[in-house]
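Tertiary structure, described
Spelled out from the first residue to the last, the chains are:
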Amino acid sequence: MGQVIEKRYNGLEVPAGEKVKFVDGRALCPDTPIIPFIEGDGTGRDIWRASKRVFDAAVQKAYGGKRSIAWFEVFAGEKANENFGSWLPEDTLEAIKEFGVAIKGPLTTPVGGGIRSLNVTLRQVFDLYCCVRPVRYFAGVPSPVVAPEKLDVVIYRENTEDVYAGIEYPAGSPEAAKLADLIESFGRKIRPDSGIGIKPVSKFGSQRLVRRAIQYALEHGRRTVTLVHKGNIQKFTEGAFRDWGYQLAAEEFSAQVVSEEKVWAEHDGKVPQGKIVINDRIADSMFQQVLTRPDEYSVIATTNLNGDYLSDACAAQVGGLGIAPGANIGDSCAIFEATHGTAPKYADKDVINPGSVILSGAMMLEFLGWTEARELIHRALGTTIQKKQVTYDLERLMKGATKLKTSEFASAIIDNMSA
Ligand code: NAP
């Protein structure tokens, strides 16, 4: 039943199981992987309890006891601060590093005092350079558009660069003044009362993100990869992202990928058999396209800021902002997480929708190669919503729905796995 691990983390014994290994950025999953989890603050407690029951039920049903998850609690946020006097204990980081794949509920961002966002810290420490957000419709979810089912995209958002790199100086600071002077020496002018932010976009950062997006498309039978950028204006950052993306596709995937330009120039508009298409769209146009021609897009690779906006816009389009899953993925670590916050006013009331963590866990199962369990969760969650058995947030928008508590919603999903 797996190796015994002597080391304790945060004073806790590691359950019997085995480590997930990473080879060339891919997870190799044993039958009993040790998966660290952070239950999260506020509503995280209710959500985690409910979600874990769903994961265990799906794995049990899919593999009949041959596979199981050795859950290992690690601490961050308020619970960590109360118990260990640290918002993000060193042992938590070490455990995630050691076991590679983790899942977390929402965490409070401590306000003030020079404490960084815990989510941002985790992304930086483990170089989780892909923010992955699948967006698809679950029938029955109230949506603001006429045909929400036409949108089914997976967004790969670069997670470490762009204006999110945190290189920013306030107006009036010596650093801003120095930078303005430097820019002036290049013959350009910045108003003296300007705050200044730097937008780095590298070839390395862009290409490793696009590589992952293409690999995902190839492995999951997706038809297109679309590079989304604002290169018409920001030529050397956003425009370069597009160029580096195409270059990588041509250099590393020429046997499997063809550019949209070549499809028209060399193949009379017909995609060669077995190939996927790589194309690009300017960001503002893309916001129109996902509304007007959603079924033309499948995998989207984009820079950090575009990805941030586009992920939420797409999730809103399918009505699923409250149940949107997410993951932050690097070459030797992946953390799956709720995309909403801690919703503190509902903490411990057993009312909140656990869908975001449940679907993030389903993504995690897919990442581990346990697609049967992932499929069970997707289908059962879909059935539960179609039967109008939902938590308060969806119930208030659906006619004739039954309002369930967090725990009851999880039970309904588990019951519907057998349906
Ligand atoms: P929030 O926690 O996402 O909650 C805002 C509102 O969204 C809630 O009041 C609720 O709306 C709705 N909502 C959120 N999650 C829901 C769920 N699972 N089911 C149903 N409804 C849900 O945003 P916030 O109030 O701005 O942030 C609170 C804390 O969370 C802050 O400390 C923030 O830093 C942190 N945060 C963490 C993460 C993360 O860990 N990934 C992300 C964002 C924010 P109604 O009141 O209308 O029902």
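Residues numbered from 1 in each chain as written. Predicted model: local features only at pLDDT ≥ 70, side-chain atom pairs only at ≥ 80, totals over all residues. Heavy atoms only, no water.

Within the protein chain one finds 14 helices and 17 strands. Here the protein chain has a C-alpha radius of gyration of 22 Å; the compact-globule value for 419 residues is 22 Å, and the two agree. Counting only C-alpha atoms, the protein chain reaches 65 × 55 × 45 Å along its principal axes. Taken over 419 residues, the protein chain has a buried fraction of 52%. For the protein chain, long-range pairs separated by at least 24 residues make up 72% of all intrachain contacts whose partners lie at least 6 apart in sequence. In the structure as shown, the protein chain presents an accessible area of about 19300 Å², 51% of it carried by carbon and sulfur atoms. A gap of 4 Å separates the mean positions of the 50 positive and 53 negative side-chain charges of the protein chain. (Helix = DSSP H or I, 4+ residues; strand = E, 2+ residues; numbered from the N terminus. Rg over C-alpha atoms; globule rule 2.2 N^0.38 Å. Buried < 20%, exposed > 50% of the residue type's maximum accessible area, 1.4 Å probe, protein only. Contact = heavy atoms within 4.5 Å. Areas by Shrake-Rupley, 256 points an atom, 1.4 Å probe, with all protein chains shown as cover. Lys, Arg positive; Asp, Glu negative; His and termini not counted. Charge placed at Lys NZ, Arg CZ, Asp CG, Glu CD.)

Turning to the packing of aromatic side chains, a few remarks are in order. Tallying each qualifying case throughout the model produces 14 aromatic pairs. These aromatic residues form a ring-pair network of at least three members: Phe-37, Trp-48, Phe-55 and Trp-71. The cationic tip of Arg-67 hangs over the ring face of Tyr-63; the distance from NZ or CZ to the ring centre is 4.7 Å. (Phe/Tyr/Trp six-rings, centres within 6.5 Å; stacked < 30°, edge-to-face > 60°. Lys NZ or Arg CZ within 6 Å of the ring centre and 35° of its normal.)

Further remarks concern the domain arrangement of the protein chain. According to the domain assignment, the protein chain consists of domain 1 (1-128 + 326-419), domain 2 (143-161 + 201-318) and domain 3 (166-198). Centre-to-centre, using C-alpha coordinates, domain 2 lies 33 Å away from domain 3. (Domains from an automatic or database assignment.)

Near the ligand you find 19 residues, and of these Gly-341, Ala-343, Lys-345, Tyr-346 and Tyr-392 are the closest. Within the side chain of Lys-345, one N or O atom sits 2.8 Å away from an oxygen atom of the ligand. A distance of 2.8 Å separates a nitrogen atom of the ligand from a polar backbone atom of Asn-353. Relative to its unbound accessible surface of 880 Å², the ligand loses 66% to contact with the protein. (Near = heavy atom within 4 Å. Polar contact = N/O pair within 3.5 Å; in protein donor to acceptor, adjacent residues only side chain to side chain.)

With their axes 9 Å apart at the nearest point, helix α6 (residues 203-219) and helix α7 (residues 235-252) run at an angle of 55° to one another. Looking at the two axes, α6 sits oblique to α7. Helix-helix and strand crossings are classified by hand; for α6 and α7 the assignment is right-handed. Every residue of α7 that contacts α6 at Lys-203, Ser-206, Gln-207, Leu-209, Val-210, Arg-211 and Ile-214 is listed here: Phe-241, Trp-244, Gly-245, Gln-247, Leu-248, Ala-249 and Glu-252. Residue classes in the contact of α6 with α7 are distributed as seven nonpolar, four polar and three charged. (Axes fitted to C-alpha atoms, helices over the stretch in contact; angles between N-to-C directions. Parallel < 35°, antiparallel > 145°, perpendicular 65-115°, else oblique. Left-handed = near helix turned anticlockwise from the far one by under 90°. Nonpolar A, V, L, I, M, F, W, Y, C, P; charged D, E, K, R; others polar.)

Moving on, we get to the pairing of strand β12 (residues 276-282). The element β12 is extensively covered by neighbouring structure, given that five of its seven residues are classed as buried. With six bridges connecting them, strand β10 (residues 224-229) and β12 associate as parallel partners. Looking across to β12, one finds that Leu-227 is bridged to Asp-280. Sheet analysis places strand β11 (residues 257-259) next to β12, joined by three bridges and oriented parallel. What sits directly across from Val-258, in β12, is Val-277. (Pairing = 2+ DSSP bridges.)

Before going further, it helps to spend a moment on the packing of helix α1 (residues 44-63) against helix α11 (residues 355-367). Two elements in contact, α1 and α11, have axes whose closest approach is 9 Å; the angle formed by their N-to-C orientations is 35°. Every pair of crossing elements has a handedness; the one defined by α1 and α11 is right-handed. Counting all contacts with α1, which are made through Ile-47, Trp-48, Ser-51, Val-54, Phe-55 and Val-59, the residues of α11 involved are Val-357, Ile-358, Gly-361, Ala-362 and Leu-365.

Looking now at the layout of surface pockets. What the largest pocket holds in volume is close to 870 Å³. As for the largest pocket, its lining consists of 42 residues, and the residues nearest its centre are Val-132, Tyr-156, Tyr-216, His-220 and Glu-366. Contributions of two or more residues to the lining of the largest pocket are made by β2 (26-28), β6 (130-136), β7 (152-158), α6, β14 (325-329), α11 and α12 (371-386). For the lining of the largest pocket, the element with the highest residue contribution is α6, accounting for six residues. Along the lines of polarity and charge, the residues of the lining of the largest pocket split into 23 nonpolar, six polar and 13 charged. Each of domain 1 (1-128 + 326-419) and domain 2 (143-161 + 201-318) gives at least three residues to the lining of the largest pocket. As a volume, the second largest pocket reaches approximately 450 Å³. Forming the boundary of the second largest pocket are 22 residues, of which Asn-119, Val-120, Arg-123, Arg-157 and Glu-337 lie nearest the centre. Residue assignment for the lining of the second largest pocket shows that the elements contributing at least two residues are α4 (118-125), β6, α10 (304-317) and β15 (334-338). Among the elements that line the lining of the second largest pocket, the one with the most residues is α4, at four residues. (1 Å grid on protein atoms, 1.4 Å probe; cavity = no way out; pocket = protein on both sides within 12 Å on 5 of 7 lines; lining within 4 Å. Points joined across faces, edges and corners; volume = space filled by probe spheres on them.)

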